[in-house]
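Letter by letter, the chains look like this.
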Amino acid sequence: MGETNKKVTIIDYQLGNLFSVKQACDTVGINAEISSKREDILNSAALILPGVGAFIEAMNNLKSLDLIDAIKEKVDGGTALFGICLGQQLLFTNSEEFGAGNGLDLIKGVIKKFPDSFNGEKMKVPHIAWNKVYSENLEWKGTALDEIDDNEFMYFVHSYYVEPLNDECILAKANYSGLQFCSSILVDNIFATQFHPEKSGDKGISIYKKWSLINNLL
């Protein structure tokens, strides 16, 4: 196959449904493996950082597995990274989660918890729902969201959301009870979503396909 079917590592730090991500990769033909080994990360053509759960536990696990520097080294060297849900949040500077401390700091910004109420309306937290993702004066053409329609429904499960320091990295937003939040980011070789593409039907799977084509992984 020559240069095709390059190896992609789904980073395993003991949080999240990794097998649904692996299944999505298999569906579109991405040569992906689940691993928590530093050497596998360093030898990968691209990385996927999924996750569901607590920010502090995730960072502690990444630290104990000695993966933080490896991830940063790869991303700084231009390797494509796809973050999903908690994986998107980990890319940022720090979290408001109690005791959480610092994230990977690959993108400047903070992780905020949904409030108990917004504009006088009670909010149900966590946000578990199919919700629309939309752009604000941004073209998705040429990005991993290329085949997604504006206001497409995607599946969310989260209590926290990212607030980037620079709005220019926001690729898509979503609205929960009137609160607009960042649902996807794109910064150079880093692409990430707060929603779960692998749980969002055919349109979600198309995101994996498009991301792999953009990064010459097939």
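Please read all numbers here as calculations on a predicted model, not as lab measurements.

Engineer: Break down helix α3 (residues 55–64) for me, with residues and values.
Structural biologist: For α3, the set of buried residues is Phe55, Ala58, Met59, Asn61 and Leu62. Within α3, the buried residues cover an arc of 160° as seen down the axis, which keeps them to one side. In α3, the exposed positions that point more than 90 degrees away from the buried face belong to Lys63 and Ser64. The inward-facing, buried residues of α3 abut β1 (7–11), α4 (68–76), α5 (86–89), β5 (92–95) and β6 (107–113). Taken from the residues just after α3, Asp66 is the one with a positive phi, measuring 60°.

Engineer: Describe the environment of Leu213, naming the residues involved and giving the relevant values.
Structural biologist: Examined against the element boundaries, Leu213 turns out to sit in helix α6 (residues 201–214). Separated by 183 residues in sequence, Leu213 and Ile30 have C-alpha atoms that sit 9.6 Å apart.

Engineer: How would you sum up unusual backbone geometry? Please name residues and give values.
Structural biologist: Omega for the bond connecting Val125 with Pro126 falls within 30 degrees of zero, at 10°, which places this linkage in the cis form. Along the chain, Pro126 falls in the loop between β8 (121–122) and β9 (127–133). Within the chain, Asn119 stands out as a residue other than glycine whose phi angle is a positive 55°. Note on placement: Asn119 falls in the loop between β7 (117–118) and β8. The class of Asn119 is exposed, set by a relative accessible area of 66%. Unusually for a residue other than glycine, Asn151 sits at a positive phi of about 70°. Locating Asn151 in the fold gives a position in the loop between β9 and β10 (152–158).

Engineer: Go over α6 with me, naming the residues and quoting the values.
Structural biologist: Compared with an ideal rise of 1.5 Å per residue, which puts 14 residues at 20 Å, α6 spans 21 Å between its outermost C-alpha atoms and is within 8% of the ideal. Looking at α6, one finds that the buried residues are Gly204, Ile205, Ser206, Ile207, Tyr208, Lys210, Trp211 and Ser212. Looking at the buried residues of α6, the elements they touch are β1, α1 (18–28), β3 (46–49), β4 (80–84), β10 and β14 (190–193). Positive backbone phi, approximately 55°, marks Asn216, located one or two places after α6.

Engineer: Kindly report on the packing of aromatic side chains, identifying the contributing residues and their values.
Structural biologist: The full count for this structure, using the stated rule, is ten aromatic pairs. A ring pair is formed by Tyr161 and Phe181, whose centres lie 6.1 Å apart and whose planes are at 50°; its orientation type is tilted. You can see Tyr161 sitting in strand β11 (residues 160–164) and its partner Phe181 sitting in strand β13 (residues 179–187), a full 20 residues away along the chain. In this pair, the class of Tyr161 matches that of Phe181, namely buried.

Engineer: With reference to specific residues and values, describe the environment of Ser184.
Structural biologist: Residue position: Ser184 is located in strand β13. Linking Ser184 and Ala172, residues twelve residues apart in sequence, is a C-alpha distance of 4.9 Å. If we skip the residues at most four places from it in the chain, Ser184 touches Gln88, Leu145, Cys169, Ile170, Leu171, Ala172, Phe191, Ala192, Thr193 and Phe195. A polar contact of 2.9 Å, which involves the side chain of Ser184, links it to the backbone oxygen of Ala192.

Engineer: Which residues make up the UniProt feature "active site" (unreviewed entry) in the chain, and what are the values?
Structural biologist: Here the UniProt-annotated "active site" (unreviewed entry) positions come out as Cys85, His196 and Glu198. Separation in sequence by 114 residues is not matched in space for these annotated residues, since their most distant C-alpha atoms are only 11.1 Å apart. Along the polypeptide, Cys85 turns up in the loop between β4 and α5. Excluding its chain neighbours within four sequence positions, the residues that come into contact with Cys85 are Gly51, Val157, His158, Thr193, Gln194, Phe195 and His196. Among the structural elements, Glu198 can be located in the loop between β14 and α6. What Glu198 contacts, discounting residues up to four positions off in sequence, is Ser20, Val21, Ala24, Ile84, Ile205 and Tyr208.

Parameters at a glance
- Residues numbered from 1 in each chain as written.
- Predicted model: local features only at pLDDT ≥ 70, side-chain atom pairs only at ≥ 80, totals over all residues.
- Heavy atoms only, no water.
- Buried < 20%, exposed > 50% of the residue type's maximum accessible area, 1.4 Å probe, protein only.
- Helix = DSSP H or I, 4+ residues; strand = E, 2+ residues; numbered from the N terminus.
- Arc of directions from axis to C-beta.
- Contact = heavy atoms within 4.5 Å.
- Expected span 1.5 Å × (residues − 1).
- Phe/Tyr/Trp six-rings, centres within 6.5 Å; stacked < 30°, edge-to-face > 60°.
- Polar contact = N/O pair within 3.5 Å; in protein donor to acceptor, adjacent residues only side chain to side chain.
- UniProt positions renumbered as here; feature names shortened; annotations may be inferred.

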